[in-house]
Amino acid sequence: NILGVYIKMTKHLIIPDTQVKYGLDFSYLRRIGQYIIDKKPDVVVHLGDFADMESLSSYDIGKKSFEGKRYIKDIESAKEAMQCLMSPLYEFNSRAKKNKEKQYKPRLVLCLGNHEQRIQRAVENDPKLEGLIKYADLPYDDWEVHDFLKPVFIDGISYCHYFPTGIMGRPATSASAMVSKLHMSCIAGHQQGKQVAYGKRPDGSTITCIIAGSCYEHDEMYLDHQSNNHFRGILLAHRVNNGCFDECFVSLDYLKERYGDS
C-alpha cells in the first residue's frame, strides 16, 4: 500500500447448500472440485446442508413420500457426493507427492445446517436413537466442522448457515437486514438464490453481506416452477482483508460449460 506496509489478502471459495440426496447425479460437485484446484483459494467454506437428510424430515414422516427413505441411503449418498467434491484435490495432491511438488492444502470449513441438525433433533425427540445416528456418520472428516448457527470468523467475514435476527431467532430474510442488524461482512446460505447488500464502516471500509443458498441442480418438489428458477452456484471472495472483498458468483451452468461432463 502507499505506506509501504504489506497487507496479506486471501481468497475464499464459498459453496452454498448442496442438499445431496439419494438418486441424484453428483457430477457438478466434481466440477466444483476441479474449479477449486484451478483457483486454489486459501479457504473453502461450505455454508451447510451439504447432506439433505430427507429420511429425518419431520415434514415427510407419515406421508407417502416418506416411504422408502432410509437413513443409510442418506449417509451413503453424502459419502458419494463428498468423494466427487474432494476427488480433484486428492488426485492433485497424489500427483504432487509423486512428483515431489508442493501439495495444495486449503483450510476446509463446514458450517452445519438445519438439514444436518435433523440428526440431533431426531435423537432429542427419540432417545432410543442415541448412539445409532450421529454427526460422525457424515463424511466430514477432512473438514473443520462448526456447530449449527455458531458463526466462524475468517479474515473479517462471518460465516454461518443463516444469521438469526430478532427475538424469535428467525433467519434474516434479506442481505440488507444482515447489514443493518449485524454491522459486519457476513455470508449465509439457507435461502435459495442470491442477495448482496453493502454498508459502510465509520472508517469508510465496505461491509458486504451475502445470502446464497442453492448449489444443486435438482428442483425442490415443494417449490413451483418460478420459485425453482433461481441462481445455483458458488462464489469467490477475492482480495479478502478485514471483511472487505470483491465478490464473484460462478454458476453451475458456467462450470458445466468449462469442464463438460467429466
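The structure we're discussing is the one just above.
Please read these numbers as outputs of a predicted model, since none were measured by experiment.

Draft legend 1. Fine view of unusual backbone geometry. Located in the positive-phi region is Gln19, a residue other than glycine, with phi close to 45°. Positionally, Gln19 belongs in the loop between β1 (10–15) and α1 (27–39). A relative accessible area of 5% places Gln19 in the buried class. A positive phi angle, close to 55°, is found at Asn242, a residue other than glycine. You can see Asn242 is positioned in the loop between β12 (233–241) and β13 (244–251).

Draft legend 2. Seen up close, the sheet that holds strand β6 (residues 157–160). In space, the five strands of this open sheet follow the order β5-β6-β9-β11-β10, with mixed pairing throughout. The open sheet has two edge strands with one neighbour each: β5 (152–154) and β10 (194–200). Each strand of the sheet is rotated relative to its neighbour by a mean of 20°, with strand direction disregarded. Pairing analysis gives three bridges linking β5 to β6, with the strands arranged antiparallel. Residue Val152 lies in a different strand from β6, and its bridge partner there is Tyr159. Contacting β9 (186–188), β10 and β11 (206–212), helix α4 (residues 175–182) runs over the sheet at an angle of about 30° to β10.

Draft legend 3. Representation of the sheet that holds β12. One open sheet holds the six strands; their spatial order is β4-β3-β2-β1-β12-β13, and the pairing between them is mixed. A strand with exactly one partner marks an edge of an open sheet, and here the two such strands are β4 (144–146) and β13. Between one strand axis and the next, the sheet turns through 20° on average, direction left out of account. On the sheet, helix α6 (residues 252–259) packs against β12 and β13 and is oriented at approximately 70° with respect to β13.

Draft legend 4. Spatial organisation of the nonpolar core. If you look at the biggest cluster of nonpolar residues, it comprises 45 residues, and the most contacted ones within it are Ile15, Val20, Ile32, Phe50, Leu85 and Ile234. Elements that contribute at least two residues to this core include exactly β1, α1, α2 (71–98), β3 (107–111), α3 (117–125), β12 and α6. Sort the elements by how many residues they give to this core and α2 lands first, with nine residues. Every residue in contact with Ile32, bar those within four places of it in the chain, is listed here: Ile15, Leu85, Cys215, Ile234, Leu252 and Leu255. Listed in part, the 17 residues of the second largest apolar core include Val43, Ile154, Ile157 and Val240.

Draft legend 5. Spotlight on α3. Within the span of α3, buried status applies to Gln117, Arg118, Ile119, Ala122 and Val123. Tucked into the core, α3 has its buried residues touching α2.

Draft legend 6. Structural detail: the packing of α1 against α2. Between α1 and α2, the least distance of the axes is 7 Å, while the angle of their chain directions is 30°. Judged by the inter-axis angle, α1 sits roughly parallel to α2. Considering the relative orientation of α1 and α2, their crossing is right-handed. Residue-level inspection shows Leu29, Arg30, Ile32, Gly33, Gln34, Ile36 and Ile37 of α1 in contact with α2, the latter providing Ala81, Cys84, Leu85, Ser87, Pro88, Leu89, Glu91 and Phe92. Looking at the contact of α1 with α2, its residues break down into 10 nonpolar, three polar and two charged.

Draft legend 7. Highlighting empty space enclosed by the protein. Enumeration over the complete set of coordinates arrives at two cavities of 30 Å³ or more. A volume near 60 Å³ is recorded for the largest cavity. Forming the boundary of the largest cavity are Gly33, Ile36, Val44, Leu85, Met86, Leu89, Leu108 and Trp143. For the lining of the largest cavity, the elements supplying multiple residues, two or more each, are α1 and α2. Counting residues per element, the lining of the largest cavity draws most heavily on α2, which supplies three residues. Of the residues that constitute the lining of the largest cavity, the class distribution is seven nonpolar, one polar and no charged. By volume, the second largest cavity amounts to about 40 Å³. Around the second largest cavity, the lining residues are Tyr162, Phe163, Pro171, Ala172, Met178, Ala188, Gly189, His190, Gln191 and Ile211.

Rules used throughout
- Throughout this document, residue positions are counted from 1 along each chain, in the order its sequence is written.
- For a predicted model such as this one, the threshold for reporting local features is a pLDDT of at least 70, and the threshold for listing and counting side-chain atom pairs is 80 or more; totals across whole chains, interfaces and linings nevertheless cover every residue.
- Heavy atoms from the whole structure form the basis of all side-chain values; hydrogens and water molecules are not counted.
- Numbered from the N terminus, helices here are DSSP runs of H or I no shorter than four residues, and strands are runs of E no shorter than two.
- Relative accessibility decides the category of a residue: with a 1.4 Å probe and only protein chains considered, values under 20% of the type maximum give buried, values over 50% give exposed, and everything between is partly exposed.
- A strand pair is defined by DSSP finding two or more bridges across the two strands.
- Axes here refer to lines fitted to C-alpha atoms; in helices the fit is confined to the stretch in contact. Angles between the N-to-C directions go from 0 to 180 degrees.
- By definition, residues are in contact when any of their heavy atoms lie within 4.5 Å.
- Take the buried Ala, Val, Leu, Ile, Met, Phe, Trp, Tyr and Cys residues and link them wherever side-chain atoms come within 4.5 Å; each set so joined is a nonpolar core.
- Oblique is the label for any angle not under 35 degrees, not over 145, and not in the 65 to 115 range, which are roughly parallel, roughly antiparallel and roughly perpendicular in turn.
- It is the rotation of the near helix from the far one that decides the hand of a crossing: anticlockwise by less than a right angle makes it left-handed, clockwise makes it right-handed.
- Residues are grouped as follows: nonpolar covers Ala, Val, Leu, Ile, Met, Phe, Trp, Tyr, Cys and Pro; charged covers Asp, Glu, Lys and Arg; every other residue, Gly included, is treated as polar.
- Note on definitions: the grid is 1 Å and covers protein atoms alone; a cavity is a set of points where a 1.4 Å probe fits but cannot get out; a pocket is an open set with protein on both sides within 12 Å along at least five of seven lines; lining residues have an atom within 4 Å of a point.
- Grid points are joined across faces, edges and corners, and a volume is the space filled by probe spheres set on the points.

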